[in-house]
Amino acid sequence: MRRLLLLAVTACFLLGVLVMSNPNLAQTPAAPPKLLRHVVLFKFKADATPEQIRTVERAFAALPSKIPQMRDFEWGTNNSPEDHAQGYTHCFLVTFHSEEDRAAYLPHPEHQKFVQLLLPILDAVHVVDYWATR
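Here's a quick rundown of the structure. (Residues numbered from 1 in each chain as written. Predicted model: local features only at pLDDT ≥ 70, side-chain atom pairs only at ≥ 80, totals over all residues. Heavy atoms only, no water.)

Some remarks on unusual backbone geometry
- One non-glycine residue with positive phi stands out, namely Asp 83, at about 60 degrees.
- Structurally, Asp 83 is set in the loop between β2 (72-77) and β3 (90-96).
- Given the relative accessible area of 72%, Asp 83 is considered exposed.
- Phi is positive for Gln 86, which is not a glycine, with a value near 55 degrees.
- With respect to the element layout, Gln 86 can be found in the loop between β2 and β3.
- Exposure remark for Gln 86: the relative accessible area of 65% places this residue in the exposed category. (Helix = DSSP H or I, 4+ residues; strand = E, 2+ residues; numbered from the N terminus. Buried < 20%, exposed > 50% of the residue type's maximum accessible area, 1.4 Å probe, protein only.)

Right, dumping it as structure tokens:
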């Protein structure tokens, strides 16, 4: 019995030494960061020219360099074969780390300047925000 107890104590000691010598073993895996996704869909007016639309695309794509709360940004045009787009042609995805970041982005002067550029050619917009889960 004494020998078994000594063996168990020794094993615990050696395990402790191993964990302390390799900090990666002592850490529990970190939870992935929560990401707040801001999905924006645009439907442009029928008389919007390709150049006006390109100007909007470039202006939206320039916002991450002007608004630090935007943690990630991507966009593209619809190519779904399902025919459910209802005239929405452009999808923009903005990522924030917090609701506070989003709250700073929405009234940000650069965002508001972009909105003023967009409004004359915008027919409709659809916005969905969600916390990404994995």
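Observations concerning helix α5 (residues 109-118)
- Residues of α5 that are buried: His 111, Phe 114, Val 115 and Leu 118. Viewed end-on, α5 has its buried residues packed into an arc of 100 degrees, placing them on one side of the element. Away from its buried face by more than 90 degrees, α5 exposes Pro 109, Lys 113 and Gln 116.
- Turning to α5, the residues buried within the fold contact β1 (35-44), α3 (50-62), α4 (99-105) and β4 (122-132). (Arc of directions from axis to C-beta. Contact = heavy atoms within 4.5 Å.)

Concerning the pattern of salt bridges
- In total, this model carries six salt bridges according to the counting rule given.
- A salt bridge links Glu 110 to Lys 66; the shortest N-O distance between them is 3.8 Å. You can see Glu 110 sitting in helix α5 and its partner Lys 66 sitting in the loop between α3 and β2, a full 44 residues away along the chain.
- The partner of Asp 129 in a salt bridge is Arg 102, and the shortest N-O contact between them spans 2.8 Å. With Asp 129 in strand β4 and Arg 102 in helix α4, this pair connects stretches of sequence that are 27 residues apart. (Salt bridge = Lys/Arg side-chain N within 4 Å of Asp/Glu carboxyl O.)

Purely spatial values, then, with no claim about function.
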